[in-house]
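Each chain, written out:
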Amino acid sequence: MVKFQDLLNQGTFSPAVKFPVGHDPLAVATDDINGDGLTDLVTANSSDDNISVLLQDQAVPGNFLAANNFITGNYPNDVAIGDIDGDALMDIAVADSELSILYQDPASIGNFLPRTSLGVGSGSVAISDLDDDLFADLATTRGVVSIHLQDPAAPENFLPAVEYTAGDQPTHVAIGDLDGDTLPDLAVANLGEPDGGGNRGVSVLLQDPATPGTFLSAIDYVMGDRVYEVAIGDLNDDGIPDLAVAGRKATDVNGDLDFEDARVYVLFQDPATPGSFFPPVSYKLDGFSNNSVAIGDLNEDTFNDILAATSDKVYILFQDSANPGTFLRQTIHKD
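A brief report on the enclosed structure follows.

**Some details on the packing of aromatic side chains**
And step 1. Throughout the structure, instances matching the rule amount to 5 aromatic pairs.
And step 2. Seen in terms of ring centroids, F19 and F64 are 5.3 Å apart; in terms of plane orientation they differ by 75°. Their pairing is edge-to-face. Taken as a pair, F19 in the segment before β1 (25–31) and F64 in the loop between β3 (50–54) and β4 (68–71) lie far apart in primary sequence, 45 residues in all. An identical accessibility class is assigned to F19 and F64; each is buried.
And step 3. With centroids separated by 5.8 Å and ring planes inclined at 85°, the aromatic side chains of Y283 and F327 adopt a geometry described as edge-to-face. Here F327 lies in strand β24 (residues 327–333) and Y283 lies in strand β20 (residues 281–284), a separation of 44 residues in the sequence.
And step 4. Assessed through its relative accessible area of 18%, Y283 is described here as buried.
And step 5. According to the relative accessible area criterion, F327 is buried, its value standing at 8%.

This is the structure:
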């Protein structure tokens, strides 16, 4: 489902246009896959054990060609796009039962070779050059945070994973330079233990500048509520990155935790202490659970906004340009 912004009324969106993909798409990633200057889509289809690649129609911008599906491991949960093998073509990493990589076929741009597997399960995946050797690496979550550095002596091969502890049951990882040292760091969303207990919230793992590709111990921001996904971006126009988190509030009912009320949490970075964050500010959404969050300027006022989705609605939290760091909620019903 794609909603296009109204060019004459920025910040408003037309009715959804639906493009068929596989069953139970749990995640979507966007990038220019075939190098034509247009943004394309990739979805991770959990029930079909595949991904769908939708190339934008060059003749009709904003329209997408029929999806091409490519086999992955079991239960793909997340997908990331990036040039992993250094051939200037976008590849795809899939968080699934085996951590699959689909390299783009240089003989057929926009198509992908049969998957390769790293043989380890993962719940989320992100791509970046984590050790400054000009080779793309992977960060994944599944019980721990795992760093898969590409072997520069054998491109397309990865060194044994190095594991880092975050909070309880880390579900999602995002990569960005959080402390301004030009090195990529990690932000991790921690769901918590199955019974609702444990260390729930966000963990920040800053890269160790003395040893590129390695990370210092996690700094945990315990929130008490279940969180599912984290995004990185400047959310108060001070020029340094903040965190937006998708989750749901926990309420103590007769000694048991009851999770309700979809929420977006915003953690502003402390400008006096690079890489550290103030306690979260919470924004309530209508709905049971918010599983997804993204950051971007959605009304072209140069201020970043927040996009969130519950099971039946999409929300945009527009940043108030008169009061940077505060957000105004708009609800967009799914069509």
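**Things to note about the side chain of E229**
And step 1. Mapping E229 onto the fold places it in strand β17 (residues 226–233).
And step 2. The class for E229 is buried, based on a relative accessible area of 18%.
And step 3. Here S292 takes part through its side chain, which lies 3.5 Å from a polar atom of the side chain of E229.
And step 4. Of note is the side chain of E229, whose polar atom sits 3.3 Å from the backbone nitrogen of V293.
And step 5. When neighbours within four sequence positions are excluded, E229 is seen to be in contact with H172, A189, A244, V245, A246, N291, S292 and V293.

**With respect to the sheet that holds strand β10 (residues 137–141)**
And step 1. Spatial ordering of the open sheet is given by β9-β10-β11-β12, a layout of 4 strands whose pairing is antiparallel. For this open sheet the edge positions go to β9 (124–128) and β12 (162–164), each flanked by a neighbour on one side alone. Taken pair by pair, the neighbouring strands of this sheet meet at an average axis angle of 20°, ignoring direction.
And step 2. Two elements, β10 and strand β11 (residues 145–148), share 4 bridges in a ladder whose sense is antiparallel. Residue T141 lies in a different strand from β11, and its bridge partner there is V145.

**A word on the sheet that holds β4**
And step 1. Spatially, 4 strands are ordered β1-β2-β3-β4 in an open sheet, and the strand pairing comes out antiparallel. Every interior strand has two partners, whereas the edge strands, β1 and β4, have only one. Between one strand and the next, the sheet's axes are offset by a mean angle of 20°, whatever the strand orientation.

Conventions and cut-offs
- Residues numbered from 1 in each chain as written.
- Predicted model: local features only at pLDDT ≥ 70, side-chain atom pairs only at ≥ 80, totals over all residues.
- Heavy atoms only, no water.
- Phe/Tyr/Trp six-rings, centres within 6.5 Å; stacked < 30°, edge-to-face > 60°.
- Helix = DSSP H or I, 4+ residues; strand = E, 2+ residues; numbered from the N terminus.
- Buried < 20%, exposed > 50% of the residue type's maximum accessible area, 1.4 Å probe, protein only.
- Polar contact = N/O pair within 3.5 Å; in protein donor to acceptor, adjacent residues only side chain to side chain.
- Contact = heavy atoms within 4.5 Å.
- Pairing = 2+ DSSP bridges.
- Axes fitted to C-alpha atoms, helices over the stretch in contact; angles between N-to-C directions.

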